[in-house]
Amino acid sequence: EKGQIQEAAALTLDVAQFGRDLGYNGTLNSDMVALAIIGLALDELREILFSSDLKPDQAADIARSLDLLDQTFHQHAHSLLNNVASFELLTLLSGEVNRPKIQGLAHVWRFGVSPRVMCVQAADTYERCMRRLADSDSKPWAEAQKIHAEVEAERLASKNPVLDIYLPGMAATARAGRETRSHLRLLRALAHFKAIGEILELDDPFGTKMLHRKTETRFILWSVARDGVDDGGTGTWKTNGKDIVLEIPLK
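Just so it is clear, the model here is predicted, and its values are computed rather than measured.

Conventions adopted
Residues numbered from 1 in each chain as written. Predicted model: local features only at pLDDT ≥ 70, side-chain atom pairs only at ≥ 80, totals over all residues. Heavy atoms only, no water. Phe/Tyr/Trp six-rings, centres within 6.5 Å; stacked < 30°, edge-to-face > 60°. Helix = DSSP H or I, 4+ residues; strand = E, 2+ residues; numbered from the N terminus. Buried < 20%, exposed > 50% of the residue type's maximum accessible area, 1.4 Å probe, protein only. Contact = heavy atoms within 4.5 Å. Polar contact = N/O pair within 3.5 Å; in protein donor to acceptor, adjacent residues only side chain to side chain. Pairing = 2+ DSSP bridges. Axes fitted to C-alpha atoms, helices over the stretch in contact; angles between N-to-C directions. Salt bridge = Lys/Arg side-chain N within 4 Å of Asp/Glu carboxyl O. Parallel < 35°, antiparallel > 145°, perpendicular 65-115°, else oblique. Left-handed = near helix turned anticlockwise from the far one by under 90°. Nonpolar A, V, L, I, M, F, W, Y, C, P; charged D, E, K, R; others polar.

K.L.:
Describe the packing of aromatic side chains, listing the residues and the values that go with them.
P.N.:
Across all of its chains, the model carries two aromatic pairs by this definition. Between W141 and F206 the ring centres are 5.3 Å apart and the planes differ by 90°, which places this aromatic pair in the edge-to-face class. A residue pair is termed long-range when its members are at least 10 positions apart, and W141 in helix α7 (residues 141-158) and F206 in the loop between α9 (170-196) and β1 (211-214) qualify at 65 residues. Side by side, W141 and F206 carry an identical accessibility label, which is buried. Judged by centre distance (5.1 Å) and plane angle (80°), the rings of F193 and F219 are edge-to-face.

Next comes the structure, spelled out in structure tokens:
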């Protein structure tokens, strides 16, 4: 707000790095908090990059920092696998320590009226599903979505109520990570453009490559977003089902 572009950029990038460090090698809870922190920092950085006071050398410094953040971005797969150990500890203990809550769950009769048997089976299924989801993290989004659907089908088929508490929402978590990465790469492209006037070619977490087109007044860069469909750059910065879009005004 005071127009101190360089200091503002440095502080904002520090916040983004803090989010990355928080999410690195944590559990799903820390992963989601980390993504929220990084997302807030990227929103602020977007405003800084659009500032008319930003100089090319400052944009170049931001571009280098964003490149480093992108290259060291915490892996969603790490938190999925770490959550396996956390889940097994909590659920197996809950079979004894929190017996009234577990016994109150529906369908406990399916497991011989034994909360502990129910928890052991849930832990086994949970680990298998989370390892599949972790493997999907490095795959193209369309393939990852198929794995998410298969895991959800396995959860429903198990009829284990413990899994109903802990397993749903994995697709949304994975999607949030890719959306944050898309924002990061769009800002990398913007910073690069502000520094040297060229568009940086980058991979799209939801597709193949980040796309762009030029009009008389602006560059439009976009990710195809969660549906994997190229809407031609129709959408907003905050995805609404269409593309994730960043528009760069041309002077």
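K.L.:
Account for the environment of D230, naming residues and giving values.
P.N.:
Relative to the helices and strands, D230 is located in the loop between β2 (218-223) and β3 (235-236). A residue is classified by how much of its surface remains accessible, and D230, at 44% relative accessible area, is partly exposed. Separated by 12 residues in the primary sequence, D230 and K242 have C-alpha atoms spaced 8.1 Å apart. Sequence-distant contacts of D230, that is, excluding residues within four places in its chain, are made with L211, W222, V224 and D243. Within the structure, D230 has its side chain in polar contact with the side chain of W222 (distance 2.9 Å). Within the structure, the side chain of D230 is placed 2.8 Å from the backbone nitrogen of G232, a separation counted as a polar contact.

K.L.:
How would you summarise the sheet that holds β1 if you had to cite specific residues and measurements?
P.N.:
Strand order in the open sheet formed by four strands is β1-β2-β4-β3, with mixed pairing between adjacent strands. Every other strand in the sheet has two partners, leaving β1 and β3 as the edge strands with one partner each. Note that β2 and strand β4 (residues 243-249) share six bridges and pair antiparallel. Bridging from a neighbouring strand, F219 pairs with I248 of β4. The strands that α9 touches are β2 and β4; relative to β4, the one it contacts most, it runs at about 15°.

K.L.:
Tell me about the pairing of β4, and please be specific about residues and values.
P.N.:
Extensive coverage of β4 is indicated by the burial of five of its seven residues. Looking at chain direction, β3 and β4 are connected through two bridges and run parallel. Each residue of the ladder has a partner; that of G235, found in β4, is D243.

K.L.:
Explain unusual backbone geometry to me, and be specific about the residues and the numbers.
P.N.:
The backbone of N25 shows a phi angle near 60°, a positive value even though the residue is not glycine. Note on placement: N25 falls in the loop between α1 (5-23) and α2 (28-49). Even without being glycine, A225 reaches a positive phi, approximately 70°. Within the element layout of this structure, A225 appears in the loop between β2 and β3.

K.L.:
Quick rundown of the pattern of salt bridges? Include the residues and the values.
P.N.:
Using the criterion set out here, one finds 19 salt bridges in the structure. Salt-bridge contacts for E127 lead to R131; the nearest nitrogen and oxygen are separated by 3.2 Å. With E127 and R131 both in helix α6 (residues 115-136), this residue pair falls four residues apart, about one helical turn.

K.L.:
Describe the pairing of β1, and please don't skip the residues or the numbers.
P.N.:
Along any regular strand, the residues point their side chains to alternate faces of the sheet. As paired strands, β1 and β2 are joined by four bridges and run antiparallel to one another. Its bridge partner lying in β2, K214 is registered against F219. Taking the residues that link successive antiparallel strands as the turn, the β1-β2 hairpin has three residues.

K.L.:
I'd like a rundown of the packing of α1 against α2, residues and numbers included.
P.N.:
Remark: α1 packs on α2, axes separated minimally by 7 Å, with the N-to-C direction vectors making an angle of 165°. Here α1 is positioned roughly antiparallel relative to α2, judged by the angle of their axes. The element α1 and its partner α2 pack so that their crossing is left-handed. Contact residues: α1 offers I5, A8, A9, T12, L13, V15, A16, F18, G19, R20, L22 and G23, while α2 offers S30, V33, A34, I37, I38, A41, E44, L45 and I48. Residue composition of the contact of α1 with α2, grouped by class: 15 nonpolar, four polar and two charged.

Everything listed here is a matter of geometry and, on its own, says nothing about what the molecule does.
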